[in-house]
Amino acid sequence: MEITVIFGSNTGNKRQFIEEAVCRLMKAAGPVVKASSYYETEPWGFECEDAFYNRIVIFNSRLKPESFLAKALEIEKQLGRIRHAGNRYESRPIDIDILFCESLLIHTAELIVPHPRIAERNFVLVPLNELMPDFEHPQLHQKISVLLT
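The rules behind these values
- Residues numbered from 1 in each chain as written.
- Predicted model: local features only at pLDDT ≥ 70, side-chain atom pairs only at ≥ 80, totals over all residues.
- Heavy atoms only, no water.
- Buried < 20%, exposed > 50% of the residue type's maximum accessible area, 1.4 Å probe, protein only.
- Helix = DSSP H or I, 4+ residues; strand = E, 2+ residues; numbered from the N terminus.
- Pairing = 2+ DSSP bridges.
- Expected span 1.5 Å × (residues − 1).
- Arc of directions from axis to C-beta.
- Axes fitted to C-alpha atoms, helices over the stretch in contact; angles between N-to-C directions.
- Left-handed = near helix turned anticlockwise from the far one by under 90°.
- Contact = heavy atoms within 4.5 Å.
- Nonpolar A, V, L, I, M, F, W, Y, C, P; charged D, E, K, R; others polar.
- Core = buried A, V, L, I, M, F, W, Y, C linked by side-chain atoms within 4.5 Å.
- Phe/Tyr/Trp six-rings, centres within 6.5 Å; stacked < 30°, edge-to-face > 60°.
- Lys NZ or Arg CZ within 6 Å of the ring centre and 35° of its normal.

Student: How do you make sense of the pairing of strand S1 (residues 2–9) when you look at a structure like this?
Tutor: Strand residues, when the strand is regular, have side chains that alternate between the two faces of the sheet. In terms of residue burial, S1 counts as a mostly covered element, since seven of its eight residues are buried. Sheet analysis places S1 next to strand S4 (residues 52–60), joined by eight bridges and oriented antiparallel. Looking across to S4, one finds that Phe7 is bridged to Arg55. Both S1 and strand S5 (residues 95–101) contribute to a ladder of six bridges, which runs antiparallel. Across the sheet, the residue bridging to Thr4 is Phe100, located in S5.

Right, here's the structure in full:
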């Protein structure tokens, strides 16, 4: 199953955190199909002087989406991510979010796919458009290229 993931980092060696997270997920889940360029973006949802690096990677995963998420959260923790109760957005060494699992719709307590805020975030839409401009969002029924405009 192809699982589309966004990686973000705004502390430390940002590119190295993202590369390490990608490598660990490849070992756990399966090979990379495609990867976007790196994008430097302003923080979204909170004030901070440290810009983010973001990159989207599509994996050919042997894991089911829920298992992939569990592995991603484990890797975040291994790389120093600490989630604070109440602080939804804050600086972090690594953030891993599942955007799509092919065209599946998943809505559980642990996982919502497609990611619910894709259409609000250019830092997601720009690299998605680089990789898959003609992919139709399975809920919004619009191509990524159209959502970006």
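Student: What's the story with helix H2 (residues 65–78) in this structure? I'm lost.
Tutor: An α-helix turns once every 3.6 residues. As a result, residues three or four positions apart point the same way. In this model H2 runs 20 Å from its N-terminal to its C-terminal C-alpha over 14 residues, within 8% of the 20 Å that 1.5 Å per residue would give. Residues Pro65, Phe68, Leu69, Ala72, Ile75 and Glu76 constitute the buried set of H2. Along the long axis of H2, the arc covered by the buried residues comes to 125°, so they all point the same way. Following H2 by one or two positions, Gly80 has its phi on the positive side, about 100°.

Student: Just to check I follow, could you spell out the packing of helix H1 (residues 14–29) against H2 for this structure?
Tutor: When two helices pack together, their arrangement is captured by the angle between the axes and the distance separating the axes. Following both chains from N to C, one finds H1 and H2 inclined at 145°, their axes separated by 10 Å at the closest point. Crossing hand, H1 versus H2: right-handed. For the pair H1 and H2, the contacting residues are Ala21, Arg24, Leu25, Ala28 and Ala29 in the first and Phe68, Lys71, Ala72, Ile75 and Gln78 in the second. Taken together, the residues of the contact of H1 with H2 break down into seven nonpolar, one polar and two charged.

Student: Honestly, the nonpolar core in this entry has me stumped. Any pointers?
Tutor: Burial of nonpolar side chains together is a common tendency in soluble globular proteins. Core analysis: the largest hydrophobic core is formed by 23 residues, its most contacted members being Phe7, Leu25, Phe59, Phe68, Ile96 and Ile98. Taken together, the elements giving at least two residues each to this core come down to S1, H1, S4, H2 and S5. Counting 15 residues, the second largest nonpolar core, distinct from the first, contains Ile6, Ile58, Leu128 and Phe135.

Student: It is not clear to me how helix H3 (residues 122–131) should be interpreted in this structure. Could you clarify?
Tutor: Along H3, the residues that are buried comprise Phe123, Val124, Leu125, Pro127, Leu128 and Leu131. The inward-facing, buried residues of H3 abut S1, strand S2 (32–35), strand S3 (39–41), S4, S5 and helix H4 (144–148).

Student: Could you clarify how one ought to interpret the packing of aromatic side chains in this entry?
Tutor: The geometry of two aromatic rings is summed up by the distance between their centres and the angle between their planes. Taken as a whole, this structure holds four aromatic pairs when the rule is applied. Relative to Tyr53, the ring of Tyr38 lies with its centre 6.2 Å away and its plane at 55°, an arrangement referred to as tilted. Highlighted residues: Tyr38 in the loop between S2 and S3 and Tyr53 in strand S4, separated in sequence by 15 residues. Cluster of aromatic residues (ring-pair linked, three or more members): Phe7, Phe59 and Phe68. Above the ring of Tyr38, the side-chain terminus of Arg15 is found at 4.1 Å from the ring centroid.

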